[in-house]
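So you can see what is in the structure, the chains are spelled out below.
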Amino acid sequence: MGSSVRKGRAVQQAEPPRRAAKEDFHQVTQNTNNGRAITASRTEDSTKSSTKSKDAELILQIQSYIDKNTVVIFSNTTCSLSTEVKELFKSMKVPYFSLELDQTENGQKLQEALYQLTLETSVPVVFVQQQQIGDYSKTLKAHEEGKLQKLLEMNGPNHLQESYDYDLIVIGGGSGGLAAAKEAVKYDKKVMVLDYVTPTPLGTSWGLGGTCVNVGCIPKKLMHQAALLGQALKDSRKFGWQFTEEAVKHSWETMTEAVQNYIGSLNWGYRVALRDNKVTYENAYGEFVGPHTIKATNAKGKEKLYTAEKFIIATGERPRYLNIPGDKEYCISSDDLFSLPYCPGKTLVVGASYVALECAGFLAGIGLDVTVMVRSILLRGFDQEMANKIGEYMEEHGIKFIKQFVPTKVEQIEEGTPGKLKVIAKSTTGSQTIEGEYNTVLLAVGRDACTRKIGLDKVGVKINKISGKIPANDEEQTNVPYIYAIGDVLEDKLELTPVAIQAGRLLTQRLYAGATLKCDYVNVPTTVFTPMEYGACGFSEERALEKFGEDNIEVYHSFFWPLEWTVPGRDNNKCYAKIICNIQDNKRVIGFHVLGPNAGEVTQGFAAAIKCGLTKEQLDSTIGIHPVCAEIFTTLSVTKRSGGNIIQSGC
Ligand code: FAD
Ligand code: NAP
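Residues numbered from 1 in each chain as written. Chains lettered and ligands numbered in written order. Predicted model: local features only at pLDDT ≥ 70, side-chain atom pairs only at ≥ 80, totals over all residues. Heavy atoms only, no water.

Caption draft 1: Region of the structure containing unusual backbone geometry. Cis geometry marks the peptide bond from Val-123 to Pro-124, where omega comes out at 0°. Tracing the sequence through the fold places Pro-124 in the loop between α4 (107-118) and β4 (125-128). Put simply, Thr-417 and Pro-418 share a cis peptide bond, and its omega is 0°. Mapping Pro-418 onto the fold places it in the loop between β17 (405-414) and β18 (420-427). Not every positive phi belongs to a glycine, and Asn-573 is a case in point at roughly 55°. Positive phi values are uncommon outside glycine, yet Asn-598 reaches one of about 55°. Along the chain, Asn-598 turns up in the loop between β27 (588-595) and α19 (599-611). When its relative accessible area of 47% is taken as the criterion, Asn-598 is described as partly exposed. (Helix = DSSP H or I, 4+ residues; strand = E, 2+ residues; numbered from the N terminus. Buried < 20%, exposed > 50% of the residue type's maximum accessible area, 1.4 Å probe, protein only.)

So this is what it looks like as structure tokens:
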């Protein structure tokens, strides 16, 4: 731990190669120096075969490490000489980038390419300021002769004076931030995580772990489960269970306490994991105050300054408010809902996307009177046929919808827990105004990235001025080379926990383990946990039609009736399966949509198949599992184009 604490000038990812200071080291980018250092471009020029061009790619990869870092040590975790060389640089308080070839994808091949480039037969191989120093003994010799020190002083007398407290500071201890931090310490980096929850306007706050754990996926799915159990209770009568109606009631307090206890255990688990992994955790708000420098302010207002070589912004998002009279005073958001100490009662949910429909679904499922106020359409961005089916199902199950209306004012009529609120709303298509009374108003009108109050202007990180999101390249690097961003703060990326985690892990592996794999944001599966769950992966039908044209798209679809629902006799032919195939590409499945029980479980496996290039033919040749819902995907035969009957009459 802390073996590479930075003392010295920053090693920035996008630094240009520096001018050579001394002629007695090989400048790998420019000459062959008696054939010892082969340039990547020369190799490329002189080779024609694909093997050679692969070699050239590897050499280019090695070259990029050399170009981007002041000190590079090509090393091996089990090699004692590599360890000694790293110790040497540590003793000089000089930062280095080490590529552990035995821990790296393609490590063996990279080592061969390294040999081609340097003619060094064993690790470690050291480069300083883009100059090849050589193996262990050459590096030691260069140190004894003062040559290393001279090269390192090329950037001015202050070069060795500056100091960084950490290799990496992660701002935000949510899904992405924690994943990145825990990965970075695996590579012997000194890492700090700052996490701070700004209380909601009503004062709700929570522990370590971010949105997913505290006010997102976890409590939402558990409360969704509470609702499903209510339905299961009803179904159970038909399966022979007997109980009196009076004995069945739901306790909000019991559910919330159980969910919060579980979340408490997760918060604790995260703290222990950070401690065990030797990640420094501060429950403090992070804000850049200058290059490589962050101010951490704790709940008591105590401020500390920390420096780091690199930063990851993983500050996530928080619920948006409507900016209408009464919203912050009287309305709640999903940040308040999951720990609300009293049952919300008759609830108006404002919004029509993931959060709104999921919350409306489980609130109705536990027996509350729920209305959803929709500004335009349901689930913007999703396949609209599926979205409308979700809406229809919710309506059939007692949830009311007020469409094309937005609230303009919320007034308190009665105090209490819950009290009573009057909501005034106006039409989005005309001048009509309506009023309604509710115990609770839940705003679920989107979320804003937490980027405007973290001093990004002080370090020059650009944000999208309208959305507040951070643009980054495909390696999650912002316009400031030493600052990265992952998760919900990223512009044009999916806001999902597994996406944030994957991006965080891969980023750290690229930064510290020489990996090259980037986060793949394409074909990410997702599930909306509405009363009828909806799983999706790939293109919506409308996007597929727009991109490929109607003639090139074949849509196969079918209703289905889960066996478990037949005995209780409910919701016959409400579940729906649809795949979208690209005719021009061997009928590859480019869109997968399922509306039915356990849609998330179903979608996960098909998402893996889609990633492998699943075609309709392969789906047809897959033997189903009987009797399960997912088997419908192995027998889809009716195309939408044909207008054929898709009602299922039995198994
Ligand atoms: P977060 O997890 O939000 O973490 C950011 C952390 O940084 C927070 O702890 C925040 O308090 C902290 N922070 C912010 N600013 C600072 C600062 N300046 N200094 C220090 N700390 C700071 N995704 C799914 O995949 N599946 C689901 O079922 C799902 N359900 C959801 C349900 C709801 C109600 C919501 C709101 C979201 C849901 N999501 C779901 C989305 C998922 O929660 C997010 O995509 C995920 O949490 C993003 O992770 P992140 O690391 O980017 O940010
Ligand atoms: P969202 O997807 O941005 O949707 C915002 C909703 O609020 C839209 O329906 C929008 O309507 C409506 N809205 C916006 N401004 C409004 C206004 N002034 N008045 C009335 N309605 C307004 O936000 P979200 O539901 O909060 O979800 C945020 C992200 O969290 C999602 O993108 C998702 O990735 C993640 N999430 C995931 C899950 C899951 O995986 N199951 C669950 C929850 C959240 P318009 O369509 O008219 O704009």
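Caption draft 2: Representation of the state of the cysteines within the structure. Counted under the stated rule, the structure contains zero disulfides. Not engaged in a disulfide, the cysteine Cys-575 finds its nearest cysteine sulfur in Cys-629; these two sulfurs lie 6.0 Å apart. A relative accessible area of 0% places Cys-575 in the buried class. (Disulfide = S-S within 2.5 Å.)

Caption draft 3: Highlighting the sheet that holds β17. Taken together, the three strands give an open sheet; going across it, the order is β17-β18-β19, and neighbouring strands pair in antiparallel fashion. A strand with exactly one partner marks an edge of an open sheet, and here the two such strands are β17 and β19 (433-438). Neighbour to neighbour, the strand axes of the sheet diverge by 20° on average, direction disregarded. The pairing of β18 with β19 spans six bridges and is antiparallel. Note on β19: the bridge partner recorded for Ala-425 is Ile-434. (Pairing = 2+ DSSP bridges. Axes fitted to C-alpha atoms, helices over the stretch in contact; angles between N-to-C directions.)

Caption draft 4: Focus on the pairing of β4. Burial along β4 is two-sided: Val-125 and Phe-127 facing one way and Val-126 and Val-128 facing the other are all buried. Note that strand β2 (residues 71-75) and β4 share four bridges and pair antiparallel. Residue Val-72 lies in a different strand from β4, and its bridge partner there is Phe-127. Looking at chain direction, β4 and strand β5 (residues 131-134) are connected through three bridges and run antiparallel. The residue bridging Phe-127 from the neighbouring strand is Gln-132, located in β5. Taken together, β4 and the strand that follows it, β5, pair antiparallel across an intervening segment of two residues, in which Gln-129 is found at a positive phi of about 50°.

Caption draft 5: Examining the site of ligand 1 more closely. Near ligand 1 there are 34 residues, and of these Asp-195, Thr-211, Lys-220, Gly-286 and Asp-488 occur at the shortest range. Within the contact set of ligand 1, an oxygen atom lies 2.8 Å away from a side-chain nitrogen or oxygen of Asp-488. Leu-496 is positioned with one of its backbone polar atoms (N or O) 3.2 Å from an oxygen atom of ligand 1. A total of 1,000 Å² of accessible area belongs to ligand 1 in isolation, and the protein chains cover 93% of it. Elements supplying a minimum of two residues to the shell around ligand 1: α7 (175-185), α8 (210-215), α9 (217-238), β9 (284-290) and α16 (497-512). Per element, the largest residue contribution to the shell around ligand 1 is four residues, and it comes from α8. Here the shell around ligand 1 is built from residues that sort into 16 nonpolar, 13 polar and five charged. (Near = heavy atom within 4 Å. Polar contact = N/O pair within 3.5 Å; in protein donor to acceptor, adjacent residues only side chain to side chain. Areas by Shrake-Rupley, 256 points an atom, 1.4 Å probe, with all protein chains shown as cover. Nonpolar A, V, L, I, M, F, W, Y, C, P; charged D, E, K, R; others polar.)

Caption draft 6: Highlighting the pattern of salt bridges. One pass over the structure, following the stated rule, counts 38 salt bridges. A salt bridge links Asp-369 to Lys-400; the nearest nitrogen and oxygen atoms lie 2.7 Å apart. Placement of the pair is Asp-369 in the loop between α13 (354-365) and β15 (370-374) and Lys-400 in strand β16 (residues 400-403), with a sequence separation of 31 residues. Owing to a relative accessible area of 32%, Asp-369 belongs among the partly exposed residues under this scheme. (Salt bridge = Lys/Arg side-chain N within 4 Å of Asp/Glu carboxyl O.)

Caption draft 7: Quick peek at the nonpolar core. Membership of the largest hydrophobic core comes to 74 residues, with the highest contact counts inside it found for Leu-337, Ile-579, Phe-592 and Phe-633. Leu-178, Ile-470, Ile-483 and Ala-485 belong to the second-largest nonpolar core, a separate cluster that totals 53 residues. (Core = buried A, V, L, I, M, F, W, Y, C linked by side-chain atoms within 4.5 Å.)

Caption draft 8: Spotlight on the site of ligand 2. Neighbouring ligand 2 are 21 residues; Glu-358, Ser-376, Arg-380, Glu-495 and Thr-527 lie closest to it. A distance of 2.8 Å separates an oxygen atom of ligand 2 from a polar side-chain atom of Arg-380. One of the backbone N or O atoms of Thr-527 is found 2.7 Å from a nitrogen atom in ligand 2. Here ligand 2 loses 79% of its free accessible area of 920 Å² to cover by the protein chains. Secondary structure elements with two or more residues in the shell around ligand 2: α13 and β23 (526-528).

Geometry only, nothing functional implied.
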